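One letter stands for each residue in the lines below.
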Amino acid sequence: VSSNLYYNNDRDLMIEVTHGPCLMDNNVFGSAYNFDNVAQGTAFVHNLCAGIMRQVPVLDRATPYHFAHSTKVSGYAFVYGGDDRLYNNLFIAPKGYQKTEPIVERNGFVGSGTALYNGRPSSYDAYIAKVREFGSNLDHDLFFKVPQAVYINANAYLDGAEPYEAELEKVVGQAASGFRIADEGDAVYLELTLDESVLNVPTRVMGTENLGSTRLDEGIYDAPDGSAIVLDTDLVGNKRAAVPTVGPLEGLKAGQNRVKVWG
């Protein structure tokens, strides 16, 4: 799901019962309710998320996963949630957003930013260690008790959007974003105010080589023809810098920005 503009929706997008790999890159999610993530193994890279996300496990219905580039079934599993990757994104809390405590069970976890992943291990090794804390038996019911790992780094947060507690390299901007999507008929513009810190997130160019593989089906984030993906181009076709700008647009500046994103 690459290089799209979503706005003025009740909900921008929903992903359901996939175990990954699923890739979302260089999108603008501009509605107050961005998406329902009823899945796992999704990589979110270089998106602008200006609303809330809901992450929902499905622990009462096993669904199939497949061999790469095939409809041949490799196995069946529940959607435990997690195993997601979130890099180089720009999160903006919607107007009037107030911190939402995690809602458990079937309602999932709701929030603006990545804090809804709090409590999940930040590496696969940490995940396995947590499973083994329950004993050496490794009975299958332990996998209901231990949340899967997530891989979150180099994101920026504005207007009260909240970061994942274990994210090491992040920026929480202090200036009000003034985020606005201006629909002017034949063209659509994105308006955004940034402070200098948001432009200094220690990002790196992401792609097949460094996004890893999903836990259950060991799938990699490659193209439909099996070739490697390199996310070195932004939403409107600009080449990314060696240390790319967070979000879907390369070359934003400190202060006010107004960029044509459609038409």
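Everything here concerns the structure above.
Peer 1: How should the pairing of strand S5 (residues 33-38) be read in this particular structure?
Peer 2: On any regular strand, side chains alternate: one points to one face of the sheet, the next to the other face. Of all six residues in S5, five are buried; the element is thus mostly enclosed. Where strand S2 (residues 13-16) and S5 come together, four bridges link them in parallel fashion. Bridge pairing in S5 links Met14 to Asp36. In this structure, S5 lies alongside strand S8 (residues 52-55), joined through four bridges in parallel fashion. Residue pairing for S8: Asn37 is matched across the bridge by Gln55.

Peer 1: Help me out: how do you make sense of the sheet that holds strand S15 (residues 156-158) in this one?
Peer 2: Two pairing modes exist for strands in a sheet, parallel and antiparallel, and in both the strands are linked by backbone hydrogen bonds. Reading across the sheet, the six strands line up as S1-S4-S7-S12-S15-S16 and stay open at both edges, with parallel pairing between neighbours. Single-partner strands in this sheet number two, and they are strand S1 (5-6) and strand S16 (171-172). Alignment of S1 against strand S4 (residues 28-29), held across two bridges, turns out to be parallel. By the bridge assignment, Leu5 is partnered in S4 with Val28.

Peer 1: I would appreciate a short explanation of the pairing of strand S18 (residues 188-194) in the present structure.
Peer 2: The buried fraction of S18 amounts to six of the seven residues, a majority that puts the element mostly inside the structure. Relative to S18, strand S17 (residues 180-183) runs antiparallel, the two sharing four bridges. Counterpart to Ile181 in the pairing with S18 is Leu190. As defined by bridge partners, S18 adjoins strand S19 (residues 255-262) across seven bridges and the pair is classed as antiparallel. Bridging across to S19, Leu190 finds its partner in Val259.

Peer 1: Quick question: what am I supposed to make of the side chain of Ser31 here?
Peer 2: Looking at the element boundaries, Ser31 is found in the loop between S4 and S5. Taking relative accessible area as the criterion, Ser31 reaches 3% and is therefore assigned buried. Engagement of the side chain of Ser31 in a polar contact is seen with the backbone nitrogen of Asn9, the distance being 2.9 Å.

Peer 1: What is the right way to read unusual backbone geometry from this model?
Peer 2: When glycine is set aside, most residues are seen to have a negative phi, and most peptide bonds are trans. The omega torsion of the bond from Gly20 to Pro21 falls at -5°, within 30 degrees of zero and hence cis. Residue placement: Pro21 occurs in the loop between S2 and strand S3 (22-25). Look at Val17: it is not a glycine, yet its phi comes out positive at around 40°. Here Val17 is to be found in the loop between S2 and S3. Backbone geometry places Ala154, a non-glycine residue, at a positive phi of 60°.

Peer 1: Where do I start with the sheet that holds strand S6 (residues 42-45) in this structure?
Peer 2: Spatially, four strands are ordered S3-S6-S11-S14 in an open sheet, and the strand pairing comes out parallel. Looking at strand neighbours, the two that pair on one side only are S3 and strand S14 (151-153), the edges of this open sheet. Sheet twist, expressed as the mean angle between neighbouring strand axes with direction ignored, is 10°. By the bridge criterion, three bridges tie S6 to strand S11 (residues 85-87) in an arrangement that is parallel. Along S11, the bridge assignment pairs Val45 with Tyr87.

Reading the values: rules and limits
Residues numbered from 1 in each chain as written. Predicted model: local features only at pLDDT ≥ 70, side-chain atom pairs only at ≥ 80, totals over all residues. Heavy atoms only, no water. Buried < 20%, exposed > 50% of the residue type's maximum accessible area, 1.4 Å probe, protein only. Helix = DSSP H or I, 4+ residues; strand = E, 2+ residues; numbered from the N terminus. Pairing = 2+ DSSP bridges. Polar contact = N/O pair within 3.5 Å; in protein donor to acceptor, adjacent residues only side chain to side chain. Axes fitted to C-alpha atoms, helices over the stretch in contact; angles between N-to-C directions.

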